[in-house]
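Residues per chain are reported as follows:
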Amino acid sequence: MLSATLVKQEAQALGFSAAGLAPAEAVEPWRQAQWQAWLGDRRQGEMDYLERNLEKRLNPTLLVDGAKTIVSVALGYFPAVSLSPEGYTMARYAYGQDYHDVVRHRLEELMQRLGLEPHKDGRAFCDTAPIDERYWAWRCGLGWMGRHTQLIIPPQHGRKECGGGTYFFLGELVLKHRADHYDQPIDSHCGTCQRCLEACPTDALSDRGLDARKCLSYLTIEHRGPLDESLATHVTPCIYGCDRCAEACPWNKFAKPTTVTEFSPSKALMAMTKADWHSLSVEQYQHLFKGSAVKRAKFEGLKRNIEAAKNHSS
Ligand code: SF4
Ligand code: SF4
């Protein structure tokens, strides 16, 4: 039997901003219906991997045989510094080292501290398997899914020094042991607010959720090939991802700078000017983004985004 208190204490000692536990079971019917409607409308764009293993995504006991407990954790990445105003911006999550590695290593250390063995007692994931991460973070009581579809952690639910808001990476342990206590989900506190919908330059958000095909975050990272001209005009000044809906969210006034040094931008990235971006070579790209999640967009994708930003800068 897992001690929920011990799990949270050890997660906190490892720097996680928030942690919670829920029984491993199929996601609730309303969430299954949401996924099916979203995929049915093709709002996932070219992210075909979201359709694969849908059964596992909707039920983590099919992903990890014998799963009894989900532990959801959040690790803050809100940076203490911004990229140079002389250059272009990037989504804040992409400033530092690849979060997949940073979060997964800490999760594996959490298992060790709890006396658990990877695979024998469960598995650690961070955006690396078909798991409905935001749903489980909500189900484990970390926060709620805002109208911008991101998880919002209210400041009183995380460690005091980690603040609140949306600038958190999520990760999970799917464990084969029951816990002595499980957390309850939090109701949405979005109320009548619509700021994220109003801030979105491409109308990618609506009451039906996100249409990835119009979302600059999807288009500048996942999408391959040219950008539709009507959407390309909105890329500048952010050449990788888009934080506009997060910036508009009033809960991010509770954001506090991360103490995770791996998420800080390098001096070289901080110093990039627009002219540097315009002349970026493959070698510079490889040096600048060694060990970074930005590699996902590939050199060609980043160059395409820079070109779009350059062509539409005022
Ligand atoms: S990331 Fe940008 S484009 Fe996507 S929904 Fe948010 S504001 Fe809109
Ligand atoms: S901007 Fe407003 S509506 Fe959107 S997620 Fe934040 S609180 Fe909710």
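Residues numbered from 1 in each chain as written. Chains lettered and ligands numbered in written order. Predicted model: local features only at pLDDT ≥ 70, side-chain atom pairs only at ≥ 80, totals over all residues.

Observations regarding the overall build of the protein
To keep it simple, the criterion reads: Strands here mean DSSP runs of E at least two residues long; helices mean DSSP runs of H or I at least four residues long; both are numbered from the N terminus. The exposure label follows from counting other C-beta atoms within 10 Å of a residue's C-beta, where the C-beta atoms are placed from the backbone and the thresholds are 20 or more for buried and 12 or fewer for exposed, leaving partly exposed in between. By the criterion used throughout, residues are in contact when their C-beta atoms, derived from the backbone, lie within 7 Å.
Along its length, the protein carries 13 helices and 8 strands. Across its three principal directions, the C-alpha atoms of the protein cover 60 × 40 × 35 Å. Taking all 314 residues of the protein together, 40% fall into the buried category. The long-range share in the protein, meaning contacts at least 24 apart out of those at least 6 apart in sequence, stands at 78%.

Thoughts on the sheet that holds strand β1 (residues 18–23)
Going by this rule: A pair of strands counts as paired when DSSP detects no fewer than two bridges linking them. Here the axes come from fitting lines to C-alpha atoms, over the contacting stretch only for helices, and the angles between their N-to-C directions go from 0 to 180 degrees.
Taken in spatial order, the 4 strands make up an open sheet running β1-β2-β6-β3, and their pairing is antiparallel. Strands with a single pairing partner mark the edges of an open sheet, and in this sheet they are β1 and β3 (122–125). Within the sheet, the average angular offset between the axes of one strand and its neighbour, ignoring direction, is 15 degrees. The pairing of β1 with strand β2 (residues 69–76) spans 6 bridges and is classified as antiparallel. For G20, the partnering residue across the bridge sits in β2 and is S72. Where helix α1 (residues 4–13) meets the sheet, its contacts fall on β1 and β2, and the angle it forms with β1 comes to roughly 150 degrees.

Some words on the environment of R304
Of note, R304 is situated in helix α13 (residues 298–311). Its 22 C-beta neighbours within 10 Å are what place R304 among the buried residues. As for R304 and E10, which are separated by 294 residues in sequence, their C-alpha atoms are 43 Å apart.

With respect to the site of ligand 2
We count it as follows: Nearness here is judged by the C-beta atom: place it from the backbone, and if it falls within 6 Å of a molecule or strand, the residue counts as near that partner. Amino acid classes used here: Ala, Val, Leu, Ile, Met, Phe, Trp, Tyr, Cys and Pro are nonpolar; Asp, Glu, Lys and Arg are charged; the rest, including Gly, are polar. Here the bounds of each domain stem from an automatic or database domain assignment.
Around ligand 2, the neighbouring residues are G146, R147, H148, C190, C193, Q194, R195, C196, A248, C249, P250 and W251. For the shell around ligand 2, the class distribution of residues is 7 nonpolar, 3 polar and 2 charged. When we break the shell around ligand 2 down by domain, the ones giving at least three residues each are domain 1 (4–83 + 95–175) and domain 2 (195–256 + 265–311).

Structural notes on helix α2 (residues 29–40)
Operational definition: Expected span, for any helix, means 1.5 Å times one less than how many residues it has.
Over its 12 residues, α2 runs 16 Å from end to end, which matches the ideal 16 Å to within 8%, given 1.5 Å per residue. Counting buried residues along α2, only 0 of its 12 residues qualify, which leaves the element largely exposed. In the stretch just after α2, R42 is the one whose phi turns positive, near 65 degrees.

Side note on the domain arrangement of the protein
On domain assignment, one finds that the protein holds domain 1 (4–83 + 95–175) and domain 2 (195–256 + 265–311). A straight line from the C-alpha centre of domain 1 to that of domain 2 covers 23 Å. Between domain 1 and domain 2, the contact holds 30 residues from the first and 25 residues from the second. Residues belonging to the side of domain 1 that touches domain 2 are distributed by class as follows: 12 nonpolar, 13 polar and 5 charged.

Considerations on the site of ligand 1
Taken together, the neighbourhood of ligand 1 is formed by 13 residues, with C200, C215, C242, R244 and C245 sitting nearest. Elements represented by at least two residues in the shell around ligand 1 include exactly α7 (216–221) and α9 (244–248). When grouped by side-chain class, the residues that make up the shell around ligand 1 number 9 nonpolar, 3 polar and 1 charged.

Focus: the nonpolar core
To keep things clear, this is the line we draw: Nonpolar cores are identified as sets of buried Ala, Val, Leu, Ile, Met, Phe, Trp, Tyr and Cys residues joined via C-beta atoms within 7 Å.
A74, L75, Y77, F168, F169, I239 and Y240 are the most contacted members of the largest nonpolar core, which totals 84 residues. When residues of this core are sorted by domain, at least three fall in each of domain 1 (4–83 + 95–175) and domain 2 (195–256 + 265–311). Look past the residues within four positions of Y240 in its chain and what remains in contact with it is M90, A91, A94, T220, I221, V294, A297, L302 and N305.

So, the environment of Y95
Its location among the elements puts Y95 in the loop between β2 and α4 (99–113). Under the C-beta neighbour-count criterion, Y95 is labelled buried, with 25 such atoms within 10 Å. As a C-alpha pair, Y95 and E262 span 167 residues in sequence and 9.2 Å in three-dimensional space. When neighbours within four sequence positions are excluded, Y95 is seen to be in contact with P79, M90, F263, S264 and P265.

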